[in-house]
Each structure stands twice: as structure tokens, then as C-alpha cells.
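Fold and geometry: a report
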Amino acid sequence: MDVFGLVGNPVGHSLSPPMHEAAYDELDLEARYVTFEPEPDAIADAIDGAAALGVTGLNVTIPFKQDVLDCVEADELASRIGAVNTIDFTGERVTGHNTDAVGALRALRDHDVTIEGARAVVVGAGGAGRAIAFGLADAGASVAIANRTASKAHDLAAEVPDATGHDLAEETLAELLSEADVLVNATSVGMDDDETPVPAETLHGDLAVLDAVYSPLETRLLRDAADAGATTVDGAWMLLYQGVEAFELWTGRDAPVDAMNQALRSRL
Ligand code: ATR
């Protein structure tokens, strides 16, 4: 029996357990996916304990994504992003990875969006923004990062190859988006409210718009984007593909994407 899990605090409403268990059911794997909620100062002990107990893989979420960098051998991308969301115990060393970045790319590619050579605008420079900006840049996009606190966008842009930092003023977004192919919302704006970080007037039909927010699935940004004729990709796709990537890393098998997607969407 393989044990997988999610470490965070809180983890009560996570959709990862049903999504991963749907994959185990589909492939007849003897495995369970459980949630763990260690106290904030006990994360290093928790990771060591999981290794000692023979846990196969862990996902990591708030507030531990940065802390676990010190407990594992992080790969190059996770080190640059500065956050680990997936720990692999199957090798000789305990390794840390970041599947959020690749999850965003796979979500876009799944909707026939070309990243290589694309001009991308990432709104937000927090944890999600960092992962997505590095992912897009690694895949060959030029990335403009726009953030309410402009200094954070400039700081992040200095780390990401071929990136520029900007404020979130409407004129700035209008100018950036008029030239852009891809827009990603990596802020929390739109989560359980009907707000958008990007004025509808700045959107156009040649854009592909990914919203990292998945509750609600149809955010105001995605509604506005659809009205403008843009390709829309909701946040559940990103959540799905970060899980798919983790599953494939741990098991070495192709994930049953449809079964995982169905399990996820039936709960959103
Ligand atoms: P996460 O890990 O989900 O990215 P985070 O690190 O707290 O969360 O980052 C939240 C992001 O949403 C930030 O880019 C934040 O902008 P600031 O850096 O200016 O705080 C952005 N954000 C949150 N609320 C916002 C709002 N009302 N308008 C615009 N941006 C907002």
C-alpha cells in the first residue's frame, strides 16, 4: 500500500484527496491519499517522520511551501521559484519539486495555447505568480509581470529571464495586453467575490486567459474574457495538472487525466 498525502495548515477543504484517489481507482493502484496538518513549527519533523514511515509522496501547501526547501533536495526549478509543492520519497534522496509551474503550462497547452514565443502578462507577484512566471519563461514566453505593489513585480522580473515588471494601472494593462497573447491571473482577486484585477476593456479576442482562481470556476475575469472572444482556461485545469504532474512524478506512469478531472469538477 502506497501512502500519499497533502501537508498544510489548514487542509480541510482540499480537493487533492478525491482527485488522486480517483486516479488510484482508475488504475487499480493500492494507494491512499490523506491530509496532514502539522503545527507550523513541526514541518521539518513531519517530513522526516514521513520519510521514516515510508510515505511515497507528499504535496505541500500553505504555509509550508517555502519552509520545506530546507528539508529536501529541491530541484532547479523549485529552487528558483523558492517553493516546493511536491515531495518525492521514492528515490535515494528526498527531493522537492514545484508542479504549479508546469501545471499552468499544461493547462494552457491542453487548450491549444502555444507558449513558445508568446507574449505573456502575469498579474500578481505572490507565490502563484512566481511559479507561473518562471514556468512561462522556461517554456519560451516573454513575461510581463503586473502587480498592485509594483516593487514586487520589479523584484520578481529581475529574477525571471526575459521578464519586465509593471504596476496594475488600467493604462499599464491596456498597453501590455494590446500586444499580448496570454494573460494569467495569479492574484486572489475573483475568489468568492465578483471582482476582476483586469478591466474588461483591456481584453481582446486574440488572448488566451488563464485564471488561477477556481472558486468560482467562472470568475468575472473569465466571463469578461469570453465576452471579448478570448480563449478561457479556468483554475481547475491548473489545479488538475499540478496534481497530474505530481502523480506522474511519484508513480512514473501516465496519469488518468479524465478520471482525475471528473473527480475534481464534480466537487466544484
Ligand atoms: P499566492 O500564494 O496565492 O500567490 P500571495 O503570495 O499572498 O498569495 O499573493 C497574493 C497576490 O495577489 C499578490 O500579488 C497581491 O498583490 P500585492 O503584492 O500588491 O499584495 C495580489 N492581490 C491580492 N489582493 C489584491 C487586490 N485586491 N488587488 C490586486 N492584487 C491583489
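**Overview of the site of the ligand**
- The ligand sits among 14 residues. The nearest are Ala128, Asn147, Arg148, Thr149 and Lys152.
- Contact distances for the ligand include 2.9 Å between an oxygen atom and a side-chain N or O atom of Arg148.
- Within the complex, 64% of the 650 Å² of free accessible area of the ligand lies under protein.
- In a pocket analysis with a 2 Å cut-off to the grid points, the ligand is assigned to the largest pocket.

**Points about the packing of aromatic side chains**
- For the coordinates displayed, the defined rule picks out four aromatic pairs.
- With a centroid separation of 5.0 Å and 35 degrees between ring planes, the pair formed by Phe4 and Trp250 is classed as tilted. You can see Phe4 sitting in strand 1 (residues 2-7) and its partner Trp250 sitting in helix 9 (residues 235-251), a full 246 residues away along the chain. The pair Phe4 / Trp250 is uniform in exposure class, with both members buried.
- Members of the aromatic cluster, joined through ring pairs, are Phe4, Tyr24, Phe247 and Trp250.
- Against the face of Trp237 rests Arg265, its NZ or CZ located 4.4 Å from the ring centre.

**Some remarks on the side chain of Asn59**
- With respect to the helices and strands, Asn59 occurs in strand 3 (residues 57-60).
- You can call Asn59 buried: its relative accessible area is 4%.
- The residues contacting Asn59, other than those within four sequence positions of it, are Gly5, Leu6, Val7, His20, Tyr33, Asn85, Thr86, Gln242, Ala246 and Trp250.

**Observations regarding the side chain of Asp234**
- Mapped onto the secondary structure, Asp234 falls in the loop between strand 12 (231-233) and helix 9.
- There is a polar contact of 3.0 Å between the side chain of Asp234 and the backbone nitrogen of Ala236.
- In terms of polar contacts, Asp234 uses its side chain to reach the side chain of Arg265, at 2.9 Å.
- In this structure Asp234 touches Leu210, Asp211, Leu217, Leu222 and Arg265, once residues within four positions along its chain are discounted.

**Some words on the sheet that holds strand 12**
- Strand order in this open sheet of six strands is 9-8-7-10-11-12, and the pairing throughout is parallel. Edge positions in the sheet fall to strand 9 (163-166) and strand 12, since each has one partner strand and no second. Strand-to-strand twist across the sheet, computed as the mean angle between neighbouring axes with direction ignored, equals 15 degrees.
- Sheet analysis places strand 8 (residues 142-146) next to strand 9, joined by four bridges and oriented parallel.

**A few points about the sheet that holds strand 2 (residues 31-36)**
- With mixed pairing, six strands are arranged side by side in an open sheet as 2-1-3-5-6-4. Two strands in the sheet have a free side with no partner beyond their single neighbour: strand 2 and strand 4 (73-74).
- This element, helix 9, spans strand 1, strand 2, strand 3, strand 5 (86-88) and strand 6 (95-97) of the sheet and lies at about 5 degrees to strand 5.

**Quick look at the pattern of salt bridges**
- Inspection of every chain in the model, using the stated rule, returns eleven salt bridges.
- The salt bridge involving Arg80 is made with Asp138; its shortest N-O contact spans 2.7 Å. Of this pair, Arg80 sits in helix 3 (residues 76-81) while Asp138 is found in helix 5 (residues 127-138), placing the two residues 58 residues apart along the sequence.
- Overall, the relative accessible area of 27% leaves Arg80 in the partly exposed class.
- Assessed through its relative accessible area of 43%, Asp138 is described here as partly exposed.
- Between Arg130 and Glu159 there is a salt bridge, with the nearest N and O atoms lying 2.9 Å from each other. Here Arg130, found in helix 5, pairs with Glu159, found in helix 6 (residues 150-159); they are 29 residues apart in sequence, far enough to count as distant.
- The class for Glu159 is partly exposed, based on a relative accessible area of 43%.
- One network of salt bridges, with partners in common, ties together Glu76, Arg80 and Asp138.

Definitions and cut-offs
Residues numbered from 1 in each chain as written. Predicted model: local features only at pLDDT ≥ 70, side-chain atom pairs only at ≥ 80, totals over all residues. Heavy atoms only, no water. Near = heavy atom within 4 Å. Polar contact = N/O pair within 3.5 Å; in protein donor to acceptor, adjacent residues only side chain to side chain. Areas by Shrake-Rupley, 256 points an atom, 1.4 Å probe, with all protein chains shown as cover. 1 Å grid on protein atoms, 1.4 Å probe; cavity = no way out; pocket = protein on both sides within 12 Å on 5 of 7 lines; lining within 4 Å. Sits in = over half its atoms within 2 Å of the grid points. Phe/Tyr/Trp six-rings, centres within 6.5 Å; stacked < 30°, edge-to-face > 60°. Helix = DSSP H or I, 4+ residues; strand = E, 2+ residues; numbered from the N terminus. Buried < 20%, exposed > 50% of the residue type's maximum accessible area, 1.4 Å probe, protein only. Lys NZ or Arg CZ within 6 Å of the ring centre and 35° of its normal. Contact = heavy atoms within 4.5 Å. Pairing = 2+ DSSP bridges. Axes fitted to C-alpha atoms, helices over the stretch in contact; angles between N-to-C directions. Salt bridge = Lys/Arg side-chain N within 4 Å of Asp/Glu carboxyl O.

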